[in-house]
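# Observations on the three-dimensional arrangement
The chain contents come next:
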Amino acid sequence: MKVYEFKGFPNPARIRIALAEKRLFDAVEFVHVDVPGGEHRQPAFLAKNPSGAVPVLELDDGTLISECSAITEYLDHADGDPVLTGRDARERAVIHMTQRKIEAGLLDAVAAFFHHATDGLGPAIETYQNRDWGLRQRDVAVATMRRMDGMLAARPYLAADRFTVADITAMAGFAFADFVSLAIPDDCARLSAWRARVSARPSAAVAA
Ligand SMILES: N[C@@H](CCC(=O)N[C@@H](CS)C(=O)NCC(=O)O)C(=O)O
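Residues numbered from 1 in each chain as written. Predicted model: local features only at pLDDT ≥ 70, side-chain atom pairs only at ≥ 80, totals over all residues. Heavy atoms only, no water.

## Topic: the site of the ligand
Lining the immediate environment of the ligand, one finds 16 residues, of which His-40, Arg-41, Val-54, Glu-67 and Cys-68 sit closest. Separating an oxygen atom of the ligand from a side-chain N or O atom of Arg-41 is a distance of 2.8 Å. At a separation of 2.7 Å, a nitrogen atom of the ligand approaches a polar side-chain atom of Glu-67. Its free accessible area being 520 Å², the ligand has 82% of it covered by the protein chains. In terms of residue count, the dominant contributor to the shell around the ligand is helix 1 (residues 10–21) (4 residues). (Near = heavy atom within 4 Å. Polar contact = N/O pair within 3.5 Å; in protein donor to acceptor, adjacent residues only side chain to side chain. Areas by Shrake-Rupley, 256 points an atom, 1.4 Å probe, with all protein chains shown as cover. Helix = DSSP H or I, 4+ residues; strand = E, 2+ residues; numbered from the N terminus.)

## Side note on the pairing of strand 2 (residues 29–32)
For a regular strand, side-chain orientation follows a simple rule: the groups alternate between the two sheet faces. Relative to strand 2, strand 1 (residues 2–5) is paired through 4 bridges, and the arrangement is parallel. For Glu-5, the partnering residue across the bridge sits in strand 2 and is His-32. Since strand 1 and strand 2 lie parallel, the crossover through helix 1 that links them has a hand, and here it is right-handed. (Pairing = 2+ DSSP bridges. Right-handed = clockwise from strand over helix to strand, strands pointing away.)

## Quick word on the sheet that holds strand 1
As summarised here, the arrangement of the 4 strands in space is 2-1-3-4, forming an open sheet in which the pairing is mixed. One side of each edge strand has no neighbouring strand; the edge strands of this open sheet are strand 2 and strand 4 (64–66). In this sheet, neighbouring strand axes are inclined to one another by 25° on average, regardless of whether the strands run parallel or antiparallel. With 3 bridges joining them, strand 1 and strand 3 (residues 56–58) adopt antiparallel strand pairing. Looking at strand 3, one finds that Tyr-4 is bridged to Val-56. Taken strand by strand, helix 1 contacts strand 1 and strand 2, and its axis lies near 150° from that of strand 1. (Axes fitted to C-alpha atoms, helices over the stretch in contact; angles between N-to-C directions. Contact = heavy atoms within 4.5 Å.)

Printed below as a string of structure tokens:
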């Protein structure tokens, strides 16, 4: 398997963490894509992912899988424990729901703030910017952090009583939030404690 990525970027980090959690890190070859240089907008990469985004997983039979949630789903089904996406119908639905809310409300919102309300990846890449939208999405990210703090009142991890893909998406969201200097609000003690807990996992080290 190959993973096309840019090391240190938040979405590729999700796949690195998932691979490490599932002890599959050495089963893939990482292929560097020069995103700041625009390589992801060139025809050769667009043939792999027409959305022009990393990461992309390429299977040995040539199947191309983009979107982190889909890649994680493949990895989780391809290998056994630990299960990151849920063991039964109820758990799978709850984890999927929570992951998606965190993806949209934290990770994608921070990304929108970065791309629209800051210099982002520079003028060659940021060909359309809407500052108001970016600032609105920063507010969405902070509101999502408060909601996540509430989730942690009932359980030690965001979607279950154990680490799941929802925690992985959140880890990437907070790494991106650090990059744009968006802190966890002071009144979110449970969320800060969760972050310290997941940051201590060995998988966190492979994402940076
Ligand atoms: N929803 C996608 C998001 C992928 C994404 O936005 N990746 C960023 C890097 S973290 C990217 O390639 N950005 C390129 C660009 O903004 O032009 C996923 O889950 O994989």
